[in-house]
Amino acid sequence: VTKTWNKTNGGNWTTASNWNPSGVPTATDHVLIPVDQSAPITRSVTTNNEIISLKGLTIDGNVNFTFHPTWTQFCTLNITGVFVVNSGKTFTAGADDIGRLDVTLASGSTGTVVGTVYINSYTSGTTYDRTFTNAGNLTITSSGLITGQNTANFTQSANGTLQIANAAGITTTGATGAIQVPSTRTYSTGANYIYNGANQNIGNGLPTNLTGSLTINASGTVTLENAKTIANGGNVFITSGTFATVNRLTMTST
């Protein structure tokens with residue numbers, strides 16, 4: 001079932017009448033936020049480290065999910081099917097300077113970020129890190145962005161796929177690239193990376209000693225500006241566009 005949020009001023013996630021059709025979303029439901037919200041959508045976490053699973057989540061309006069509203073407890077929003085943030089819209093996870101919500105795209109899920117994902121985190125350091133984790137197949141378009149505040153993190157899991165159209169590719173620090181969270185950006189050597197924009201740099205975030213795959217599926221030139229090695233078990237695929245390695249690519253004998 002697609003559960004559509006029927007308010008414009010935020011409200012309580014667990015109030016059945018806030019949804020159309022009526023009823024709190026379950027792990028088999030797809031949630032649609034159809035319009036901008038003037039206040040957060042809130043939910044009290046009853047158990048610390050609770051996992052809230054959804055089959056899908058589509059963001060068609062600016063929204064903040066504040067689960068839990070204080071720093072004392074946290075939870076994970078786990079998407080098992082489809083995740084979409086549409087153009088010009090921002091999906092904010094967690095309250096400003098508190099941010100007790102992690103977001104995970106599970107293995108087998110697909111995600112498309114055309115707008116912005118913003119991860120809030122608590123101000124008291126790494127003990128309260130909040131993380132966006134991709135274990136599925138996530139596409140970040142040329143206009144898409146994953147960012148946040150304080151100690152917000154990004155993790156690309158092994159065997160998952162990250163598709164990048166940003167001109168600066170993926171980076172480990174700074175306000176450039178498709179992922180700009182201010183704390184740790186982790187890109188697994190075992191993941192699959194697809195560059196599908198126009199003219200792009202790979203970015204220093206692509207792992208060295210890659211055992212997953214690197215795919216160039218661009219409409220222009222993709223430039224490797226940092227030395228990288230494709231290790232045993234790794235693959236390079238060029239399906240369209242030009243891959244400018246500039247003598248910086250090393251491939252093992254296998």
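Before reading further, recall that the structure is shown in the block above.
These lines cover the structure that appears in this document, whether it is placed above or below.

Conventions we followed
- Residues numbered from 1 in each chain as written.
- Predicted model: local features only at pLDDT ≥ 70, side-chain atom pairs only at ≥ 80, totals over all residues.
- Heavy atoms only, no water.
- Helix = DSSP H or I, 4+ residues; strand = E, 2+ residues; numbered from the N terminus.
- Rg over C-alpha atoms; globule rule 2.2 N^0.38 Å.
- Buried < 20%, exposed > 50% of the residue type's maximum accessible area, 1.4 Å probe, protein only.
- Contact = heavy atoms within 4.5 Å.
- Core = buried A, V, L, I, M, F, W, Y, C linked by side-chain atoms within 4.5 Å.
- Polar contact = N/O pair within 3.5 Å; in protein donor to acceptor, adjacent residues only side chain to side chain.
- Pairing = 2+ DSSP bridges.

1. Comments concerning the overall build of the protein
When helices and strands are tallied, the protein shows zero helices and 24 strands. Here the C-alpha radius of gyration of the protein, 19 Å, is about what a compact globule of 254 residues would show, namely 18 Å. Here the C-alpha coordinates of the protein stretch approximately 60 × 35 × 30 Å along the principal axes. Across the 254 residues of the protein, 51% fall into the buried class. The long-range fraction of contacts in the protein, counting pairs at least 24 apart against all pairs at least 6 apart in sequence, stands at 62%.

2. With respect to the nonpolar core
Membership of the largest hydrophobic core comes to 53 residues, with the highest contact counts inside it found for Phe65 and Phe91. No other element matches strand β8 (residues 75-85), which puts five residues into this core. Among all residues touching phenylalanine 65, those that are not within four sequence positions of it are Trp13, Ile33, Ile41, Leu57, Leu77, Phe91, Thr92, Ala93, Gly94 and Leu101.

3. With respect to the environment of serine 53
By the secondary structure assignment, serine 53 is in strand β6 (residues 50-59). When near neighbours in sequence (up to four residues on either side) are disregarded, serine 53 contacts Thr26, Ala27 and Asn78. In this structure the side chain of serine 53 is engaged in a polar contact, spanning 3.2 Å, whose partner is the side chain of asparagine 78.

4. A look at unusual backbone geometry
Most of the time, phi is negative for any residue but glycine, and the peptide bond is trans. Residue proline 21 is reached from asparagine 20 by a cis peptide bond, and omega for that bond is 0°. With respect to the helices, strands and loops of the structure, proline 21 is situated in the loop between β3 (19-20) and β4 (30-33). Non-glycine residue asparagine 49 carries a positive phi angle of around 65°. Its location among the elements puts asparagine 49 in the loop between β5 (41-42) and β6. Relative accessible area serves as the criterion here: at 45%, asparagine 49 is assigned to the partly exposed category. Located in the positive-phi region is asparagine 150, a residue other than glycine, with phi close to 50°. Structurally, asparagine 150 can be placed in the loop between β15 (145-148) and β16 (152-156).

5. Some words on the sheet that holds strand β12 (residues 116-119)
One open sheet accounts for six strands, arranged β2-β5-β7-β9-β12-β15; its pairing is parallel. Across the chains shown, the open sheet's two edge strands, defined by having one partner strand only, are β2 (11-12) and β15.

6. Let's talk about the side chain of serine 109
Along the chain, serine 109 turns up in the loop between β10 (101-105) and β11 (110-113). The exposure class of serine 109 is buried, given its relative accessible area of 2%. Leaving out residues up to four positions away in the same chain, serine 109 has contacts with Ile79, Thr80, Gly81, Gly136 and Asn137.

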